[in-house]
Every structure is written in structure tokens, then in C-alpha cells.
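Each chain is listed here by its residues.
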Amino acid sequence: MSIDALKAALPAYAKDIKLNLGSVTTTSALTDQQLWGAVLACALTTRSPRVIAEVSAEAAERLSEEAFTAAKAAASIMAMNNVYYRATHLIGDDTYATLPAKLRMTVIGSPGVDKTDFELWCLAVSAINGCGRCLESHEQVLRAAGLPREHVQEALRIAAVLNATAATLDAESLLTVTV
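Conventions we followed
Each chain has its residues counted from 1, following the order in which its sequence is written. Since the coordinates come from a predicted model, pLDDT governs what is reported: local features require at least 70, and pairs of side-chain atoms require 80 or more to be given and counted, while whole-chain, interface and lining totals use all residues. Calculation of side-chain values draws on the structure's entire complement of heavy atoms; hydrogens and water are dropped beforehand. Elements are defined by DSSP. Helices are runs of H or I of four residues or more, strands are runs of E of two residues or more, and each kind is numbered from the N terminus. Note on contacts: a residue pair qualifies if any of its non-hydrogen atoms lie within 4.5 Å across the two residues. A pair is scored as a salt bridge if a Lys or Arg side-chain nitrogen falls within 4 Å of a carboxyl oxygen belonging to Asp or Glu. Classification of residues uses two cut-offs on accessible area relative to the type maximum, computed with a 1.4 Å probe and protein chains only: under 20% is buried, over 50% is exposed, and between them is partly exposed. Given the number of residues in a helix, its expected span is that number minus one, multiplied by 1.5 Å. All axes here are fitted lines through C-alpha atoms, helices being fitted over the stretch that makes contact, and every angle between N-to-C directions spans 0 to 180 degrees. Here roughly perpendicular refers to angles of 65 to 115 degrees, roughly parallel to angles under 35, roughly antiparallel to angles over 145, and oblique to all remaining angles. In a left-handed crossing the near helix is turned counterclockwise from the far helix by less than a right angle, and in a right-handed crossing that turn is clockwise.

**Student:** Summarise the environment of T46; cite the residues concerned and give the values.
**Tutor:** Looking at where T46 falls in the secondary structure, it is placed in helix α3 (residues 32-46). Sequence separation of T46 and A67 is 21 residues, and the distance between their C-alpha atoms is 19 Å. Here T46 is in contact with V51, I128, L162, N163 and A166, once residues within four sequence places are set aside.

Shown next as C-alpha cells:
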């Protein structure tokens, strides 16, 4: 189980996705922990059983137990936060932004790994989940911590490619017509 297995499974029409999947996982300027934590968190966020299985097997070989758990925590906490903060933003009434969320999210303050790495993973998950408010917040924290924009962009590319991989493979698994 691996990224190579996902690449091999992608159909010919998804050649760009296949090449991008190889590129984002092999030519990154991110640290291995940043890269594989983002890849794992994004895979989990896609909810694709195949992508989760393939990525988690490879990520387990590349991440410490703490980082593996923290990447899972990033996907989990952002599944909640992205819905809440996207909704309060989309309602269009700024008063909601001033109300306390009353949701526990202590893992963000103490993720068990480097906080910048965790924030990067949260940003990548937020890209898949489409929460503009969370993207802005995590990007500001990352930039304040000194992470270059190019590293933020890499996390966004990882999110885009993992999401496309999952969408393609899941759709292909459900197709009953071949042309």
C-alpha cells in the first residue's frame, strides 16, 4: 500500500493528477513531518477508504507515532471547526463572529508535535473543506511563525491533489458503464 499504488490505480484520463501526486510527495521543500502529516490529514479528510488505506500505510512508515496521531487530530478537529466557522461566516451576520464558539479545541494549542506543523496540516484540511475563515486564520499563524508562502502553497497543492485523487478513484469505483 502506497502512493505508488494510488498512482497506478488512477485512470489514463487523470494523468495530470497522477503526475501531480508524484510531484507533491517527492519534490517538496517541506520537512518530512510537514509533508507526510499534511498528506495523511488530507487523505483522512477526503473520507475515501482507498486513499486513506494507501496513504496511512505509507505515512505510518514516515511519521513518528506522535506525528501520525497529530495528523489524525488535525483532520478531526478541522472537520468540526471548518463546518462551524464556515457557517458563521456564510450566514452574513458579523455578530456570530463575536459569540463564543463553546466548542472544545484544546488540541490546537497542544497538538503533541511542532505547532507550526500542526497549523500547516489544519490549513491543508481547511482547503479541502472550503472554510475561508479557517484558511485565513491558519495562514496568518503560519506566516507569523516565519513559514514562507511557498510552504503554505505546498500544503494547498497537497490538499488539491489528494482531493482530486480521492474524487477520481471513488468515482471510478462506482461507475458501472465502460466506454
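**Student:** Which residues make up the pattern of salt bridges, and what values do they have?
**Tutor:** Two side chains carrying opposite charge are able to pair once their charged atoms lie near each other. In this structure the tally under the stated criterion is four salt bridges. Notably, a salt bridge pairs D4 with K7, separated by 3.6 Å at the nearest N-O pair. Separated by three residues within a single helix, D4 and K7 lie in helix α1 (residues 3-9), roughly one turn from each other. Look at D4 and you get exposed, because its relative accessible area is 52%. The shortest N-O distance in the salt bridge between R62 and E58 comes to 3.0 Å. With R62 and E58 both in helix α4 (residues 49-62) and four residues apart, the pair spans about one turn of that helix. Taking relative accessible area as the criterion, R62 reaches 43% and is therefore assigned partly exposed.

**Student:** Tell me about α4, and please be specific about residues and values.
**Tutor:** Over its 14 residues, α4 runs 20 Å from end to end, which matches the ideal 20 Å to within 8%, given 1.5 Å per residue. Along α4, the residues that are buried comprise V51, E54, V55, E58 and A59. For α4, the secondary structure elements touched by its buried residues are α1, α3, α5 (65-90) and α9 (149-174).

**Student:** Got a sec to walk through the side chain of N81? Specific residues and values, please.
**Tutor:** Along the chain, the position of N81 falls in helix α5. When neighbours within four sequence positions are excluded, N81 is seen to be in contact with R86, M105, I108 and C134.

**Student:** Break down the packing of α3 against α4 for me, citing the residues and quoting the values.
**Tutor:** Between α3 and α4, whose axes approach to 9 Å, the crossing angle comes to 160°. Between α3 and α4, the angle is such that the two are roughly antiparallel. With respect to the hand of their crossing, α3 and α4 are arranged in left-handed fashion. Judged by residue contacts, W36, V39, L40, A43, L44 and T46 of α3 engage V51, I52, V55, S56, E58, A59 and R62 from α4.

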